[in-house]
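The residues making up each chain are set out below.
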Amino acid sequence: MSLSTTRTASAPMPVWAKNTLMIAPLLVLLSAFLAYPVGRLLSLSVLGPDGFSLDAYRHLFASSLYVNVLWITFKISLATTVLSVVLGYPVAYLISTAPAKLKSRLVFLVLLSFWTSFLVRAFAWVVILGRNGVANNFLLSLGLIDRPINLLYGTGATLTGMVHAMLPLAVMTMLAVMENIDRSLPRAASTLGARPGTAFWTIYFPLSMPGVAAATIMVFVTAIGFFIVPALLGGRRETMISQLIIDQVQQTLNWELAGSISVLLLVVVLVVFVIYDRIFGFATLTGEDPSSQARRDTLARRAGSAVLAAIGAVSDWLIARLSFKGRRKSVERYPWVLSVFVWTVLILISLPALLMIPISFSSAGLQWPPSGMTLQWYEQMLNTPVWTQALIRSLTVATGAGILSMLIGVPAAFLLARGRIRGKAILLAFLLSPIIAPRVIIALGLFYMFAELKLVGTSIGLIIGHTVVCVPYVVMTMVAVLRNYDVRLDLAAQSLGASPIKTLRHVTFPLLGAGMFSAFLFAFATSFDELTIALFSSGGLNATLPKQFWDEVTLQVSPVIAAVSTFLLVFITLLIFGADRLRQRSLAR
Amino acid sequence: MGNNINNWSRRSVLKAGVAGAVALSTTSMWSSLRAQTKRIVVRDDGGVYTKAYTEVFYRPFQEATGIEVIGVQANAEPTAQILSMVDAGAYTWDMAKISQPAIRMLTQGQKKYLEPHGLGNDPIVSVMPEHFMSEYGVGTNVYSTVLAYRKDAFEGRQAPTSWKDFYDVEGFPGRRALRRHPFDTIEQALLADGVAIANVYPCDLERAFSALDRIKNDVSVFWTSGAQVEQLLVSGEVDMVPVWVSRAQSARSSNAPVGIVWDQNIWGLDSWAILAGTPNAEACREFIKFTCDPKRQAELTKYFPAGVTHPQAFDFIDPKVAVDCPSYPDHIAKGLPIDAQYWTEKQSAALERYNAWLLS
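Residues numbered from 1 in each chain as written. Chains lettered and ligands numbered in written order. Predicted model: local features only at pLDDT ≥ 70, side-chain atom pairs only at ≥ 80, totals over all residues.

Considerations on the overall build of chain A
Then, number 1: Helix and strand content of chain A: 26 helices and two strands.
Then, number 2: Here chain A holds 589 residues, and 50% of them are scored as buried.
Then, number 3: Long-range pairs, those at least 24 residues apart, make up 82% of the contacts in chain A between residues at least 6 apart in sequence. (Helix = DSSP H or I, 4+ residues; strand = E, 2+ residues; numbered from the N terminus. Buried ≥ 20, exposed ≤ 12 C-beta atoms within 10 Å, placed from the backbone. Contact = placed C-beta atoms within 7 Å.)

Right, here's the structure in full:
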């Protein structure tokens, strides 16, 4: 931490210097390993063989294809965002109110799908939704349908796959904020006579808005870069813009056009940012002085409050209808509808990963229903060292990237959430650019750079590359968490004589523990599941797990991947619960 | 992998024989290189290819020369990777098994990203048929796109036997899939529309797309990857689909009732190519020579029906296996060779048009 050099007794460091120290590592990282390599590639779009040229852009608008695909991409991403946030909110809410032990189990379930590669999950959906798949089999056996129905290869399947991939991100981002909402506020409302619905909608919901806002923007910018899931589950019209970029990079080697499509995509996302800022204000993300916010009693704000109050009244009426065993006075006790809903979502999240368990023991391969009982897939897995090597490498890289992202991201989040600095919106856009910029462009740019630095194929290279894409998640989560953090607690500690370091150690960090843990976990999981950078920068010699999955899956959807997924599931479960045990024991001491 | 598992027992029986045959042909002639290079890295297709190549090419070559060969998998057309490796001078790979269009892409500009192999006059390599050779590549495997169908879907009725049947929605009702790429798809459309094999290139795109329009609404799935299309066949998601024959064969070996139409197959060539500027180019050349051995190539068919390129290789292959090889003389005669030149020039435009067609 940069603060370690200051001592309260000596002359305090000027604010600008402190601010610079907090944000500098992030800016250096993103400038060196994102802006520079990506900028170099994007500059190709205006640099033809004969110097400056706008041909690539002329080409871009000569056919309606690129604009059309961009529009489709936008619609799919938006639908994914809305669904993820709406479905994820109750899940996050329930988790945040659960007792500690249940909470860690629920978080584990949310992240469960992360430990199987997204490729495996996409194929799992193919097995579930296929004509002879799980869902059709189930419906047929119930007699609800008499012929298999088409569930795959359309908008529905695409959205299912994408929402499934994005839900954990939405839940974790919102959860980080909800963890810090003061439970006594809705309770106070209840004591003052507000019924649960009203207390929730007028008190709790507005307090959780920073989480919703952060989740919305994170899911949207992540979803807009997707292409493998829509390609595997979608129909003829579900083409995403990243697919076109990949085609140009890998198939036709037209990097000028790839660059210009990327620029177009970046422009569109920036426009979305501006609109977002106009409607919600970036303040919802980074937070601003609460006193100045309160004074802005605009018409929109009052209308919003009225709407929330109305929703509260309606939900109170519904709650009264639905809970037969008398009224529930406290918002802490949620109606059973919520529980059922949340568990359904959690089961759906886990379904693709759990599906791998029966398949891994079946001699019928990826066919449904499984038949026979065999250990041959596990034998094949253990017969080659590649899987264990890949697992060790992925764990190393993910741990490295997780720690580095925290070291760089947390100070920056403190500054963004609390500092009074100018140009926050620009800073935020820059910060999010690793997620917005097409991953393949980052991967290619980084490859060139790593080649010059002799980092291709090294763990260090992969850690740096993954940190670039993980750090935005850390910063956004931490900013959202800090938004709800009462700074006066720090001030109180300091006024009682605690040094800034002591304040951090004994007041700030313990209070932020849960949020920091989820930020780290998310960075870890993102790196653990990252494919594109690994494809280019691992050189193929030392594969990470997703790269190994990719190799296996592009060649054959072999049940070995089911065996590996099951093995991973068990391994990670033991790892997480083991760590949890250790933590509890050390706390008890 | 599918094929491999089925051949497991047969394979171990044959292993002793393979070892003997290979030992005979590897004498001191390869040992001159021992001192210079320790290792070369070869891009191949992974999976069963890596496995078969390791047993038949890589390991025996190391035993003969002391040079370790490491097979590394990459995606199907790794042109971007090769381009960036050569540009950056970071030779993660020394050589690669790549398609003819890929070779052209990498050598059409001012800067050549591949090293001329210069083996045209080499006594071992010069016996290779001319259509399997080029300045930058030595053909090592023929791949082929065929029409595959589920036999159970055509029980009691005529199964399709040509691209024309595939495009005949009324005569051959059933669920269809197409590749989400103009490669092969355009050729199929033209063949279905009655264009003779000799006249397919240069492709009449207008005609191809109007043929495609006819079946557009009857195509249930547009597939993108080989694994995906194999799954379509194995699970019975579709009844008929144009597919790489290796995928159809792999589906068949996992007990799916798959029929294969070899007539009008569309075949292409994978070649060994050396990355321009690699310090290990000499070792790569020796390795390429090593693979141009009919007996050794024939050994590949113990693992999968390889598209062997050496003309004499079929002398050593079980006739029952030979008919499954894409390079089987009869298949080559009835097939359409992919025109790499045409696709290098027209790929961009065709891809753009195909993508737009998908959305319309």
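Let's talk about the domain arrangement of chain B
Residue and element names in this part refer to chain B.
Then, number 1: In terms of domain boundaries, chain B breaks down into domain 1 (39-142 + 269-336) and domain 2 (144-267 + 340-359).
Then, number 2: Each of domain 1 and domain 2 was reduced to a C-alpha centroid, and the two centroids are 27 Å apart.
Then, number 3: Each partner contributes residues to the interface: domain 1 has 15 residues there, and domain 2 has 17 residues.
Then, number 4: For the side of domain 1 that touches domain 2, the elements supplying multiple residues, two or more each, are α5 (100-107) and α14 (329-334).
Then, number 5: The biggest single contributor to the side of domain 1 that touches domain 2 is α5, with four residues.
Then, number 6: Across the side of domain 1 that touches domain 2, the residue classes tally to eight nonpolar, four polar and three charged. (Domains from an automatic or database assignment. Nonpolar A, V, L, I, M, F, W, Y, C, P; charged D, E, K, R; others polar.)

As for the domain arrangement of chain A
Residues and elements named next belong to chain A.
Then, number 1: Domains assigned within chain A are domain 1 (16-50 + 375-588) and domain 2 (53-253 + 334-360).
Then, number 2: Here the C-alpha centroids of domain 1 and domain 2 sit 21 Å apart.
Then, number 3: Taken together, the contact between domain 1 and domain 2 spans 46 residues of the former and 40 residues of the latter.
Then, number 4: Sorting the residues of the side of domain 1 that touches domain 2 by element identifies α19 (424-436), α20 (439-453), α21 (459-483), α23 (500-528), α25 (545-555) and α26 (560-588) as the ones contributing at least two each.
Then, number 5: Its residues placed into classes, the side of domain 1 that touches domain 2 shows 33 nonpolar, eight polar and five charged.

What about the packing of helix α12 (residues 255-279) of chain A against α19 of chain A?
All names here are of chain A.
Then, number 1: It is at 11 Å that the axes of α12 and α19 come closest, and there the two elements cross at 135°. Between α12 and α19, the interaxial angle falls into the category oblique. The element α12 and its partner α19 pack so that their crossing is right-handed. Within the contact between the two elements, α12 uses Leu266, Val269, Leu270, Phe273 and Asp277 and α19 uses Ala425, Ala429 and Ile436.
Then, number 2: In the contact of α12 with α19, the residues fall into seven nonpolar, no polar and one charged. (Axes fitted to C-alpha atoms, helices over the stretch in contact; angles between N-to-C directions. Parallel < 35°, antiparallel > 145°, perpendicular 65-115°, else oblique. Left-handed = near helix turned anticlockwise from the far one by under 90°.)

Examining the interface of chain A and chain B
Then, number 1: Contact residues are listed per partner, giving 42 residues for chain A and 43 residues for chain B.
Then, number 2: At the level of elements, α3 (65-97), α10 (228-233), α11 (241-251), α20 and α25 of chain A are the ones that each hand at least two residues to the side of chain A that touches chain B.
Then, number 3: Here the residues of the side of chain A that touches chain B sort into 19 nonpolar, 17 polar and six charged.

Some thoughts on the UniProt feature "domain: ABC transmembrane type-1" (unreviewed entry) in chain A
Then, number 1: Taking the numbering used here, the UniProt-annotated feature "domain: ABC transmembrane type-1" (unreviewed entry) corresponds to residues 70-276 and 391-579 of chain A.
Then, number 2: The span residues 70-276 of chain A shows a helical share of 78% and a strand share of 0%, and its end C-alpha atoms are spaced 18 Å apart. (UniProt positions renumbered as here; feature names shortened; annotations may be inferred.)

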